[in-house]
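Structural overview for review
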Amino acid sequence: MCAASATAVHAARPFFTDDARVVERGHCQVESFTKSQRAYAGSELWVMPACNPFGMELTLGRNRIEDEYNTVAQAKLLLKRLEDNGVGYALAAGVFGGDPYANAIASYSFHKRAVLHFNVGAIHNRVPDTDRQTWGLGVEVPLTGRWTAAAETFGQYGDTPTQHAGLRYALVPNRVQIDTTVGHQSADPVRRFTSIGLRLLF
């Protein structure tokens, strides 16, 4: 996903690190979440609809980061489907608040016990006129049939990494998911945040 302190990609909640999965062809999803800073007054609101009409996942969303509003548009192409005990690959490209970015994604499944996600990419910041490398590393661990734990670290060149962890619950399997997370970034000021999210698939 994307934030002022995050890499500019869009991933399944509660991740900011992207994964080698897309919405099934002919289906859509809506992901939304609120994020509140704990070390200072600050909040975010994200709404990210996505559909896969012809084999490519297309996202067009909007967010508010404190007092700034941004449009997020992304296309994500699955190169190799992720299967149990296998590896999946994807490419994503888009625009975050007018800044273009691209991301290469790999996901690895280990005996249905964990899935690792790796990202490497770049974003072009128009102000200032610079290119910055982005990266992410995340892990998902199924706990029960409905509960999943997730943790990640991610960042971009020139910033300190962010650590982020949480739980996802399938309220209606493959249809409605809710999640909650906590995160931390050593910065000035320090960023400590919590988030609550909702994902609808149809």
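The structure reproduced in this document is the subject of the present report. (Residues numbered from 1 in each chain as written. Predicted model: local features only at pLDDT ≥ 70, side-chain atom pairs only at ≥ 80, totals over all residues. Heavy atoms only, no water.)

**Re the overall build of the chain**
A count of helices and strands for the chain gives 0 helices and 12 strands. Secondary structure elements of the chain, listed N to C terminal, follow the sequence β-β-β-β-β-β-β-β-β-β-β-β. Relative to a compact globule of 202 residues, whose C-alpha radius of gyration would be 17 Å, the chain shows 16 Å and is just as compact. Expressed as lengths along the three principal axes of its C-alpha atoms, the size of the chain is roughly 40 × 30 × 25 Å. Each of the 202 residues in the chain was classed as buried or not, and the buried ones make up 45%. For the chain, long-range pairs separated by at least 24 residues make up 42% of all intrachain contacts whose partners lie at least 6 apart in sequence. Accessible area of the chain: about 9900 Å², with a carbon and sulfur share of 61%. The distance from the centre of the 20 positive side-chain charges to the centre of the 19 negative ones in the chain is 7 Å. (Helix = DSSP H or I, 4+ residues; strand = E, 2+ residues; numbered from the N terminus. Rg over C-alpha atoms; globule rule 2.2 N^0.38 Å. Buried < 20%, exposed > 50% of the residue type's maximum accessible area, 1.4 Å probe, protein only. Contact = heavy atoms within 4.5 Å. Areas by Shrake-Rupley, 256 points an atom, 1.4 Å probe, with all protein chains shown as cover. Lys, Arg positive; Asp, Glu negative; His and termini not counted. Charge placed at Lys NZ, Arg CZ, Asp CG, Glu CD.)

**Things to note about unusual backbone geometry**
V127 connects to P128 through a cis peptide bond whose omega is -5 degrees. Tracing the backbone shows P128 in the loop between β7 (114-125) and β8 (130-142). Although it is not a glycine, E66 sits at a positive phi angle of roughly 55 degrees. Along the chain, E66 falls in the loop between β3 (56-65) and β4 (68-80).

**Structural notes on a nonpolar patch on the surface**
Together, L171, V172, I178, L198, L200 and F202 line one region of the surface with nonpolar side chains, adding up to about 480 Å² of accessible area. Elements that contribute at least two residues to the nonpolar patch include exactly β10 (162-172) and β12 (191-201). (Patch = residues over 30% accessible without salt bridge, like charges linked within 9 Å, V, L, I, M, F, W, Y side chains within 5 Å. Salt bridge = Lys/Arg side-chain N within 4 Å of Asp/Glu carboxyl O.)

**A closer look at the pairing of β8**
In the sheet, β7 pairs with β8 via 11 bridges, with the strands oriented antiparallel. Note that in β8 the partner of L116 across the bridge is V139. Across 9 bridges, the pairing between β8 and strand β9 (residues 147-156) is antiparallel. Counterpart to G136 in the pairing with β9 is F154. The turn joining β8 and β9, which pair antiparallel and follow one another in sequence, is formed by 4 residues. (Pairing = 2+ DSSP bridges.)

**So, the sheet that holds β10**
With respect to topology, 12 strands assemble into a closed barrel ordered β1-β2-β3-β4-β5-β6-β7-β8-β9-β10-β11-β12, the strand pairing being antiparallel. Sheet twist, expressed as the mean angle between neighbouring strand axes with direction ignored, is 20 degrees. Pairing analysis gives 10 bridges linking strand β11 (residues 176-185) to β12, with the strands arranged antiparallel. Among the inter-strand pairings, T181 is bridged to a residue of β12, identified as S195. (Axes fitted to C-alpha atoms, helices over the stretch in contact; angles between N-to-C directions.)

**Quick notes on the pattern of salt bridges**
Side chains that differ in sign of charge can pair as their charged atoms come close. Counted according to the given criterion, the structure contains 11 salt bridges. For R13, the salt bridge goes to D179, with nearest N and O atoms at 2.4 Å. Residue R13 is located in the segment before β1 (28-37), and its partner D179 is located in strand β11; the two are separated by 166 residues in the primary sequence. Accessibility classification places R13 together with D179 in one group, the buried group. Between K76 and D19 there is a salt bridge; the shortest N-O distance is 3.2 Å. Taken together, the residues span a long stretch of sequence, with K76 in strand β4 and D19 in the segment before β1 at a distance of 57 residues. Assigned by exposure class, K76 and D19 land together as buried. Where salt bridges share partners, they join D18, D19, R21, K76, E140 and R168 into one cluster.

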